[in-house]
Each structure stands twice: as structure tokens, then as C-alpha cells.
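Tertiary structure, described
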Amino acid sequence: MPNVHATDVVIVGAGPVGLFGVFECGMLKMKCHVVDTLDAIGGQCTALYPEKPIYDIPGFPRVDAGELIERLTQQAAPFGPVYHLGRTVTELRSLDDGTFAVVLSDGACLVAKAVIVAGGGGTLGPNKPPLAGIDRYEGRHVLYRVNRLEELRGRRVVVAGGGDSAVDWALALAGIAEHVMLVHRRLKFRAAPASVEALHTAEREGRLELVAPYQLHALEGDGHNLHGITVRTEAGEERLLKADVLLALFGIATELGPIAGWNLALEHQQIRTHPGTSETNRPGVYAAGDISSYPGKLKLILTGFAEIAAAAHHIFPRVHPGEVLHLEHSTTVGVPPMVKHTALAEAAT
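Quick caveat: nothing in here was measured; it's all calculated off a predicted structure. (Residues numbered from 1 in each chain as written. Predicted model: local features only at pLDDT ≥ 70, side-chain atom pairs only at ≥ 80, totals over all residues. Heavy atoms only, no water.)

Structural notes on the overall build of the protein
- A tally of helices and strands in the protein yields 8 helices and 24 strands.
- For 349 residues, the compact-globule formula gives about 20 Å, and the C-alpha radius of gyration of the protein, at 22 Å, lands near that figure.
- Burial status across the protein gives 49% buried among its 349 residues.
- A separation threshold of at least 6 residues defines the contact pool for the protein, and within that pool the share at least 24 residues apart is 60%.
- If the 31 positive side-chain charges of the protein are averaged to one point and the 38 negative ones to another, these points end up 2 Å apart. (Helix = DSSP H or I, 4+ residues; strand = E, 2+ residues; numbered from the N terminus. Rg over C-alpha atoms; globule rule 2.2 N^0.38 Å. Buried < 20%, exposed > 50% of the residue type's maximum accessible area, 1.4 Å probe, protein only. Contact = heavy atoms within 4.5 Å. Lys, Arg positive; Asp, Glu negative; His and termini not counted. Charge placed at Lys NZ, Arg CZ, Asp CG, Glu CD.)

Some remarks on the pairing of strand E17 (residues 226–232)
- Buried residues dominate E17, accounting for 5 of its 7 residues.
- Pairing between strand E16 (residues 215–221) and E17: 6 bridges, direction antiparallel. Residue pairing across strands places Gln215 opposite Arg232, the latter belonging to E17.
- Counting the residues between successive antiparallel strands, the hairpin from E16 to E17 contains 4 residues, one of them, Gly223, with a positive phi of roughly 95°.
- The sheet contact formed by E17 and strand E18 (residues 238–242) spans 5 bridges and is antiparallel. Opposite Val231, over in E18, you have Arg239 as the bridge partner. (Pairing = 2+ DSSP bridges.)

Examining the packing of aromatic side chains
- Throughout the structure, instances matching the rule amount to 3 aromatic pairs.
- When the centroid spacing of 5.8 Å and the interplanar angle of 75° are considered together, the rings of Phe23 and Phe79 count as edge-to-face. Of this pair, Phe23 sits in helix H1 (residues 16–27) while Phe79 sits in the loop between helix H3 (65–76) and strand E6 (82–85); the two residues are 56 residues apart in sequence, bridging distant segments of the chain.
- On the accessibility criterion, Phe23 (10% relative accessible area) is buried. (Phe/Tyr/Trp six-rings, centres within 6.5 Å; stacked < 30°, edge-to-face > 60°.)

Re the pattern of salt bridges
- Taken as a whole and judged by the stated rule, the model has 12 salt bridges.
- Between Glu138 and Lys128 there is a salt bridge; the shortest N-O distance is 3.3 Å. Note that Glu138 is positioned in the loop between strand E11 (123–126) and strand E12 (142–143) and Lys128 in the loop between E11 and E12, a separation of 10 residues in sequence.
- Here Glu205 makes a salt bridge to Arg207, at a shortest N to O gap of 2.8 Å.
- Overall, the relative accessible area of 36% leaves Arg207 in the partly exposed class. (Salt bridge = Lys/Arg side-chain N within 4 Å of Asp/Glu carboxyl O.)

Side note on the nonpolar core
- Counting residues in each nonpolar core, the largest one holds 65 residues, and the members touching the most others are Ile116, Val159, Leu182 and Leu247.
- Here this core gets 7 residues from one element, more than from any other, and that element is helix H6 (residues 301–319).
- Those residues in contact with Leu182, other than ones at most four positions away along the chain, are Val159, Gly161, Ala166, Val167, Ala170, Phe189, Leu199, Glu209, Leu210 and Val211.
- In this structure, Val89, Leu110, Leu256 and Val285 belong to the second largest nonpolar core, which totals 21 residues. (Core = buried A, V, L, I, M, F, W, Y, C linked by side-chain atoms within 4.5 Å.)

Side note on the side chain of Thr233
- Assignment of secondary structure puts Thr233 in the loop between E17 and E18.
- Setting aside chain neighbours within four positions, we find Thr233 in contact with Pro213 and Tyr214.

Some thoughts on helix H5 (residues 193–204)
- Helix length check: H5 (12 residues) gives 17 Å between terminal C-alpha atoms against 16 Å at 1.5 Å per residue, within 8%.
- Residues of H5 that are buried make contact with helix H4 (164–173), strand E14 (179–183) and strand E15 (209–211).
- At the C-terminal side of H5, Gly206 shows a positive phi close to 80°. (Expected span 1.5 Å × (residues − 1).)

Following this line, the structure appears as C-alpha cells:
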């Protein structure tokens, strides 16, 4: 059948953890197909904050999310992964020979000896503030992510939110936008202490303005162009902020989607896994990254890297039965030569 593809491992999710999984499987001579609902490689790092700095990747004092994805893609490249982008896994079936049939939304079927779910928190979407007429301004005047900081140069920006993303973007925009206003309903922020300290320093130096405790109340404009944003305190005190951009950062709404029907043990929208192997309650199906859960789980990208490495090693006997796996360091075995970029960047059809 022309729409059936055989492979060793199917990785669901082309974010940083999924990409590193291609490398780990490749080092163990296992081929991968990678599926992602997004149209580009990178998961949240690409879709939501490609220019957001990340500080907790070993060996990188600072790396932008987009650059991290670029480097991980290069690291995976020698192993020739096949990417199925803009597609959703609609069904996961166990076959009589112990393999899995992974059915995609375009009708393709991937037959694999193991499946790793590395889809972050599942399918993504921003939490949107309940403001009348907000849909008329989305795209140019109301944003839920920043693709390029330069797009906001010289504009008056209201950043709304109190977590790490809101604080980090307010700081990043302070030297680019004409004026930055950070709106939060409380005086206390839920960001890293060092970031909060930098935020207050920037306020004292006049590089940005803190508007707290206020909440978004209304958008002021003509339906095409945004002129300002009305904010209000719990006591009903209102203030008009002159702005032409609202960057609303209230977190990401995630849902498991079809994954919820795969007979996996779930806990709070996450997949329960064994901490030593990353295997789920369904033998041959693994989970790594933010979507996996076990006691003492630490939600960091580097944790996901370790989890998917453990999964790859546990999968090895399924792909190479009877072979003894000798743990060898990458400095000893090296990596295969780079394959052509056009071949590995091409989405399967």
C-alpha cells in the first residue's frame, strides 16, 4: 500500500524532546518518523516564542528557543528522520505481530515497533482574555506570541500576564518598543526571582511601566486599528493605556486530543510513565517531556532529554531482538555522515 510506511520508532511531537529522541534512537541504529500537528519543526519553541531566551540548557549560558531547535534539528539530521508535519495521529492500534499502526489525519499509516509520545502538553492554543471584539484585532494588534522582536520596534506595547513569559517578554521589549506596559492583576509576579528583580530594576530606570494591580477590561479602537486598552482594578478604578499592541500571555491551553483514547494511564492531562524507562502502562508505548508524569517529576527540557534517552535504550531490544546493547559514548562511536537536507526536511506525503 503506497500510504503505509514502515519504521522502527514513531515519535509524536517535533519539539526539542522529540528531536533529541531522533538522535538517541539514531545512535542505537533505529530509524524514526516524527509526527506533529504544527506545520513547522520545533513545537512551542517555534510556534510560541522562537526568540525567547532559555537559560537552563547545559553548555549554553543563553540560547534563544529558535536557535535551540535549529541545533537539535542539525543534531538529528544525520539519522534521516521523516517528518509528517501538519498532521495529527488519529489512532494507535496494536497489531498481532507486536508492532503498532499509527494512523494519521491524512490517511497515512506508520507501522512501528515502538511509539514515543513527546508532544509537550498535547495540542496547543493560547488562553485568550475575555475581551469584546478581540478577534477583530488578532494577528496585528493582539498577539499571543512574538515571532520576531523587530516587528514590535517603535510600537506601544501592553504585555498582560504575571508569569515567566510575560515578565521575560516585557524585559526583552524594553529596549525595542517605544513604550512597554506590563499589566498584572496582582503586585506579586509568578516569575523567577531574578527576572522579577530585573523587572523592578527596569521600572526604576524608566525602561518600562508596571500597571498593577489592574486587569484588562476593554479594547479601544475602530475594529481595524487599536488605539488603547482600558484596564480596571477590582475596586472599579479604570485607566486608559495608549497602546497599539496587546501581547496577552496567560498561558497555553492544552488538551490531549486523540491521545486520550489510546488506553494510556492518565493523570491530570498527563501520561503516567515508569521513571526509569519512560514506558507507559501499554508495553511498547513511551512518553517523555512535559506530557509524562511520575513521582518527583521535574518539568525541564533537560529532564525530557534524559527521559527520551531512557526510552530509546529500553526500545532497543524491540527493534534489535537478540542483540546485546553495549553502552558506548558518542565520542567513541561518532555519528554517521550528514544526509542531504532536502531529504530530511521533506514532510512525508
